[in-house]
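Listed below are the residues making up each chain.
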Amino acid sequence: MNITKAVITAAAPNQRTLPLQTLVDRDGMARTVLGIIVGEARRVGIEDIAIVISPGDEDTYRAAAGEHAKQLRFIVQPKPRGYGHAVYCARSFVGDDAFFHLVGDHIFLSDLADNGAQQLIELAREQECAVSGVQATRETLLPLFGTVGGRRVAGTSNQFVIESVIEKPTPTEAEQSLVVPGLRQGHYLCFFGMHVLTPSIMELLHNQLQNGDEKSNIQLSPVLNELCGREKYLALEMKGRRYP
């Protein structure tokens, strides 16, 4: 599996401001969050990067991207129709290729020499399947994240076969459908905001759009739940930190 493209979503109302904020990075340099996220993709060798934005945001985001701006493609989500729809807006950019996907309202930090993004991409290439980064998260935080259920891959400590996906489950839903053997009690595998997705995701999103009306919101987690019933889909437990 060849992974040469990245899609960063930053169009949702609750995503638009964080990427524009300025932080001091690990090297002591002041950089925007957008610059840090784009840098994460470029650190793993991906140069073809698209950012999905709201109408009218291109100039602001281009300025925030700084040195990376010339290498970026900006794709407008015409109306706020949900996270899944934002990903689908990049369908022409993605074409028939697998792609690296990051969300614009998360910052990813890793103290590992072999960073989480690189591990994620290497696993996807090796197994030739979709892979999502996850972290073991206590149940009080479930309302903030998409969550997966499944089973550990035999012989590994940090790889899981995904068998179900629920967006922001209640503790009851999680206990009934998302318990992963081997995790601490009261902890579940929640999305880290970093994925490698196969072209199948665009087909499944297209089906969702065809089956809904033009005002319906399209979310990503239900489509990922369909994906795990259709093809091999793995989770990789990430050791870095995720903000928020």
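Residues numbered from 1 in each chain as written. Predicted model: local features only at pLDDT ≥ 70, side-chain atom pairs only at ≥ 80, totals over all residues. Heavy atoms only, no water.

A.B. asks: Honestly, the overall build of the chain in this entry has me stumped. Any pointers?
C.D. replies: Looking only at helices and strands, one finds eight helices and 13 strands in the chain. For 244 residues, the compact-globule estimate of 2.2 N^0.38 gives 18 Å, and the C-alpha radius of gyration of the chain, at 17 Å, lies within 12% of that figure. Here the C-alpha coordinates of the chain stretch approximately 45 × 45 × 35 Å along the principal axes. Per-residue burial for the chain yields a buried fraction of 54% across its 244 residues. A separation of at least 24 residues holds for 73% of the contacts in the chain among residues at least 6 apart in sequence. For the chain, the computed accessible surface area is about 11,500 Å², with 47% contributed by carbon and sulfur atoms. Computed over 24 positive and 28 negative side-chain charges, the inter-centroid distance for the chain is 2 Å. (Helix = DSSP H or I, 4+ residues; strand = E, 2+ residues; numbered from the N terminus. Rg over C-alpha atoms; globule rule 2.2 N^0.38 Å. Buried < 20%, exposed > 50% of the residue type's maximum accessible area, 1.4 Å probe, protein only. Contact = heavy atoms within 4.5 Å. Areas by Shrake-Rupley, 256 points an atom, 1.4 Å probe, with all protein chains shown as cover. Lys, Arg positive; Asp, Glu negative; His and termini not counted. Charge placed at Lys NZ, Arg CZ, Asp CG, Glu CD.)

A.B. asks: Hey, could you run me through the layout of surface pockets in this one?
C.D. replies: Roughly 640 Å³ of volume is contained in the largest pocket. Every residue lining the largest pocket is counted, 27 residues in all, and those nearest its centre are Gln15, Tyr83, Asp105, Glu167 and Lys168. Elements with a contribution of two residues or more to the lining of the largest pocket: helix H3 (83-88), strand S11 (187-197) and helix H8 (221-230). Residues of the lining of the largest pocket, tallied by class, amount to 13 nonpolar, 10 polar and four charged. (1 Å grid on protein atoms, 1.4 Å probe; cavity = no way out; pocket = protein on both sides within 12 Å on 5 of 7 lines; lining within 4 Å. Points joined across faces, edges and corners; volume = space filled by probe spheres on them. Nonpolar A, V, L, I, M, F, W, Y, C, P; charged D, E, K, R; others polar.)

A.B. asks: Where do I start with the side chain of histidine 68 in this structure?
C.D. replies: Position of histidine 68 relative to the elements: it lies in the loop between helix H2 (58-65) and strand S5 (72-76). With sequence-adjacent residues up to four places away left out, histidine 68 is seen in contact with Arg31, Gly35, Val38, Gly39 and Arg42.

A.B. asks: Explain the pattern of salt bridges to me, please; I cannot follow it from the model alone.
C.D. replies: Oppositely charged side chains can form a pair if their charged atoms are brought close together. Inspection of the entire model under this criterion finds six salt bridges. Glutamate 40 is paired through a salt bridge with arginine 43; the nearest N and O atoms lie 3.0 Å apart. Highlighted residues: glutamate 40 and arginine 43, both in helix H1 (residues 33-43), separated by three residues, approximately one helical turn. A relative accessible area of 47% places arginine 43 in the partly exposed class. Note that glutamate 47 and arginine 42 form a salt bridge whose closest N and O atoms lie 3.0 Å from each other. The exposure class of glutamate 47 is partly exposed, given its relative accessible area of 41%. In this structure arginine 42 comes out as partly exposed when scored by relative accessible area, which is 27%. (Salt bridge = Lys/Arg side-chain N within 4 Å of Asp/Glu carboxyl O.)

A.B. asks: What is the right way to look at the packing of aromatic side chains in this model?
C.D. replies: The description of an aromatic ring pair rests on the distance of the ring centres and on the angle between the ring planes. A complete count under the given rule lists zero aromatic pairs for this structure. The residue whose ring lies beneath lysine 5 is phenylalanine 93, and the NZ or CZ to ring-centre distance is 5.7 Å. (Phe/Tyr/Trp six-rings, centres within 6.5 Å; stacked < 30°, edge-to-face > 60°. Lys NZ or Arg CZ within 6 Å of the ring centre and 35° of its normal.)

A.B. asks: Sorry if this is basic, but what is going on with H8 here?
C.D. replies: Residue pairs three or four apart in sequence face the same way in an α-helix, which turns once every 3.6 residues. Ser221, Val223, Leu224, Leu227 and Cys228 are the residues of H8 that are buried. The buried residues of H8 occupy one face: seen down the axis, they fall within an arc of 150°. (Arc of directions from axis to C-beta.)

A.B. asks: Even after reading the chapter, I still don't get the pairing of strand S4 (residues 48-53), so can you show me in this structure?
C.D. replies: Regular strands have side chains that alternate between both faces of the sheet. The element S4 is extensively covered by neighbouring structure, given that five of its six residues are classed as buried. As defined by bridge partners, strand S1 (residues 3-9) adjoins S4 across five bridges and the pair is classed as parallel. Within the sheet, the bridge partner assigned to threonine 9 lies in S4 and is valine 52. Across five bridges, S4 lies against S5 in parallel orientation. What sits directly across from isoleucine 51, in S5, is phenylalanine 74. In the classification by handedness, the crossover that spans S4, the intervening H2 and the parallel S5 is right-handed. (Pairing = 2+ DSSP bridges. Right-handed = clockwise from strand over helix to strand, strands pointing away.)

A.B. asks: Whenever I open this one, the environment of isoleucine 166 confuses me. Can you help?
C.D. replies: If you trace the backbone, isoleucine 166 turns up in strand S10 (residues 159-167). As a C-alpha pair, isoleucine 166 and asparagine 225 span 59 residues in sequence and 7.3 Å in three-dimensional space. Apart from residues no more than four positions distant in its own chain, isoleucine 166 is found in contact with Phe145, Gly146, Thr147, Glu173, Ser177, Leu178 and Ser221.

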